[in-house]
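A structural walkthrough
These are the residues of each chain, in order.
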Amino acid sequence: MGKQYKGHFCGSGYVTVVFSMIFLTVISVVLSALEAVRVSAVRLQAETACAIACEAFLSQYQPQVQARYGLYLVERDGFDTTFLQQFIKANCGEDTDRADSGAGWLNPILESAVIDQQTGIRDEDFRYLEDQIFDLMIALKGSDYAERIRDSLMGTSMADVEAEKQQMTSKLEQEGTLAQQQKEAAQRAADENEGGNAETESPEDSSAGEPVDDPRENLSQMLKYPILSLIMDGRLSDAVLDTASLSDLTAPEENVSAPKGFMDYTDVTQELKKQSLDIKSAAGSAAKSLVADAYILDFLSNGAKPQKKGQAGVLSYETEYILSGQDSDAANLQNTVNRIMLIRMVLNMTYLLKSTAKTAAVHAAAAALASAILMPFLEEIIYLLILAAWAYGEALVDCRSLLNGGKVPLMKSDATWVLSLEQLTKLSTSQLSGYAGKDDDAQGMCYEDYLRILLLGVSKEKKYVRLMNIIEANTRLLDGCESFRMDQCVFGISVCADFIFYPVFFHNAGKDRYEHHVHMSIAY
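Residues numbered from 1 in each chain as written. Predicted model: local features only at pLDDT ≥ 70, side-chain atom pairs only at ≥ 80, totals over all residues. Heavy atoms only, no water.

Looking only at helices and strands, the chain features 18 helices and six strands. A burial count over the chain gives 46% of its 524 residues as buried. Of the contacts formed within the chain by residues at least 6 apart in sequence, a portion of 79% connects residues at least 24 apart. Split by element, the accessible area of the chain, about 25400 Å² in all, is 53% carbon and sulfur. (Helix = DSSP H or I, 4+ residues; strand = E, 2+ residues; numbered from the N terminus. Buried < 20%, exposed > 50% of the residue type's maximum accessible area, 1.4 Å probe, protein only. Contact = heavy atoms within 4.5 Å. Areas by Shrake-Rupley, 256 points an atom, 1.4 Å probe, with all protein chains shown as cover.)

Another aspect to go through is empty space enclosed by the protein. Under the definition given, this model contains one cavity of 30 Å³ or more. Volume-wise, the largest cavity comes out at about 80 Å³. Around the largest cavity, the lining residues are R68, D298, F299, L300, S301, K305, P306, Q307, K308 and Q311. Residues of the lining of the largest cavity, tallied by class, amount to three nonpolar, three polar and four charged. (1 Å grid on protein atoms, 1.4 Å probe; cavity = no way out; pocket = protein on both sides within 12 Å on 5 of 7 lines; lining within 4 Å. Points joined across faces, edges and corners; volume = space filled by probe spheres on them. Nonpolar A, V, L, I, M, F, W, Y, C, P; charged D, E, K, R; others polar.)

Direction vectors running N to C along helix α7 (residues 215-222) and helix α14 (residues 379-403) enclose 50°, while the axes themselves pass 9 Å from each other. By the angle between their axes, α7 is oblique relative to α14. The way α7 lies across α14 gives a crossing that is left-handed. Facing α7, whose interface residues are P215, R216 and L219, α14 presents I382, L385, I386, A389, Y392, G393 and L396. In terms of residue class, the contact of α7 with α14 is built from eight nonpolar, one polar and one charged. (Axes fitted to C-alpha atoms, helices over the stretch in contact; angles between N-to-C directions. Parallel < 35°, antiparallel > 145°, perpendicular 65-115°, else oblique. Left-handed = near helix turned anticlockwise from the far one by under 90°.)

In this section: the pattern of salt bridges. Evaluation of the coordinates by the stated rule reveals 26 salt bridges. Residue K462 pairs with E253 through a salt bridge whose shortest N-O separation is 3.0 Å. Here K462 is found in helix α18 (residues 460-475), whereas its partner E253 is found in the loop between α8 (228-231) and α9 (265-274), with 209 residues between them in sequence. Close ionic contact of E253 with R466 constitutes a salt bridge, the shortest N to O distance being 2.8 Å. Residue E253 is located in the loop between α8 and α9, and its partner R466 is located in helix α18; the two are separated by 213 residues in the primary sequence. Through salt bridges that share partners, E124, R127, D131 and K288 make up one connected network. (Salt bridge = Lys/Arg side-chain N within 4 Å of Asp/Glu carboxyl O.)

Time to look at the pairing of strand β5 (residues 489-501). Where burial is concerned, most of β5 is hidden: 12 out of the 13 residues are buried. Pairing between strand β1 (residues 74-75) and β5: two bridges, direction antiparallel. By the bridge assignment, V74 is partnered in β5 with V490. The pairing of strand β2 (residues 109-120) with β5 spans 10 bridges and is antiparallel. Paired with I109 across the strands is I500, a residue of β5. Bridging between β5 and strand β6 (residues 514-523) involves 10 bridges; their strand directions are antiparallel. Directly across from A497, in β6, lies its bridge partner V518. (Pairing = 2+ DSSP bridges.)

Moving on, we get to the environment of I471. Here I471 is to be found in helix α18. Taking the relative accessible area as the measure of exposure, I471 reaches 1% and is therefore buried. When the C-alpha atoms of I471 and V314 are compared, they prove to be 9.8 Å apart, with 157 residues separating the residues in sequence.

What follows concerns the environment of Q443. With respect to the helices and strands, Q443 occurs in the loop between α16 (429-435) and β4 (445-446). Q443 gets classed as exposed once you look at its relative accessible area, which sits at 73%. Linking Q443 and L410, residues 33 residues apart in sequence, is a C-alpha distance of 8.6 Å.

Between its first and last C-alpha atoms helix α6 (residues 161-192) spans 46 Å; for 32 residues at 1.5 Å apiece the expected length is 46 Å, and the two agree. Within α6, burial applies to V161, E162, K165, M168, T169, L172, E175, G176 and A179. Summarising the contacts, the buried residues of α6 are in contact with α9, α12 (329-354) and α14. (Expected span 1.5 Å × (residues − 1).)

The subject of this paragraph is the nonpolar core. Of all hydrophobic cores here, the largest spans 116 residues; its most connected members are L219, I231, Y295 and Y392. Broken down by element, the residue count for this core peaks at 17 residues, all from α14. Filtering out sequence-adjacent residues up to four positions away, Y295 remains in contact with Y69, L71, I133, L136, M137, L300 and L467. With 21 residues, the next largest nonpolar core counts C50, C54, I88 and V518 among its residues. (Core = buried A, V, L, I, M, F, W, Y, C linked by side-chain atoms within 4.5 Å.)

Summed over the entire model, instances satisfying the criterion amount to nine aromatic pairs. Over the aromatic face of F134 sits the side chain of K288, whose NZ or CZ is 5.7 Å from the ring centroid. One Lys or Arg, K412, reaches over the ring of W417 and ends 5.5 Å from the middle of that ring. (Phe/Tyr/Trp six-rings, centres within 6.5 Å; stacked < 30°, edge-to-face > 60°. Lys NZ or Arg CZ within 6 Å of the ring centre and 35° of its normal.)

Keep in mind that these numbers describe shape and distance, not what the molecule does.
The following block contains the structure:
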């Protein structure tokens, strides 16, 4: 019996040890699993706290800019890192700055947090600014807005205006050079002719009868004064932008001049050569670029659209500033109008060349003028210069109508042409006032349509930097925003944060704490 008892006792001991080992193993596995779950939960809380802090940072966007321009910009103020650290700690359950007091089963401890990178307006070639503008306009106008703009631009016959300009310039140069050569030859022949009197070539001494009115002379005299004085009725803004205070700048565009006159072919060809009127290739711009142009026209003022009621603006002609980059309203509008005038002159001359009645009238005037100065070989160049002067005079009427909010037919017809050749001879500022608005056409193009075309030729950098200038200058007019700077604004940030937390359910040998690094980027 004793042996049996001894065997039974030994067997029970073995079972107890086995169960103890099994129990400890199970407990270790369970605690390890709990610790793994806890570590994952703590890490998730750390990452969530960083995400919430970044979202809170982006919620500090400039409300005045958002309300007026629909853009979300966060102006950095030097306390961004402190703000993020406090926000992260609050969402991690830390009550104090002591590393051990805030520790809990599911609470990580923030050791450091820094902003290692910011997404500024210029980053990635203005991509974030362009994306915001694109999303805003698509939300306002519809998903097919970009295609509708492109179709509108590509569908206009103005796409061929560059070819028409080059053809016109070439014709003027050829005829002008030939006329100059013939005139010099005639002058040499007169000098060689003994007893010849060069004065007989003047209109006053010619035998052609009464002096002939030259339709070009009156317009050439008018062009000695700024064009804006002819078409703006004294309502020209004298506002000036303080560029020295702006956070960023681009070089202004070259000044665009009106033709000096129409008495010499070089007066016309010099200005035409300076300006590219190639619209067809520019209309193939990326969709976001076309939508950005539409945004500028919608949110900024221009010569035909004043500031919205209740909104203050440093400049009155903001879109023209985007086009020219000059510091004054007058200079920006002058450049813009001169460019539109050249476009209209080319289009108007295209119509004149196709009008049998009008070309016949010009031929008659040119022949009379050439006869009056005893130089019949000048008839062709005088004919072309009168056509150019007539087209430009009509362009003056066109621009006056455009700036008054009217529309002008892209290609004129006999019914929509305003200025007669006789009226060109007597043209004055008061007469322009009488013509303004007569050529308003529901199917024509308004002033903003021409601005849209001109915006196609502005580089992305100049366009967006000048837009930043307008937003910055106008925002500074508001109370509390006097020091607002666009170069301090960001669309997003990248945050690096380091956390620690301590083991609870399971300790690894030689490791008394866990470390977790979070790197997070966020942007509008």
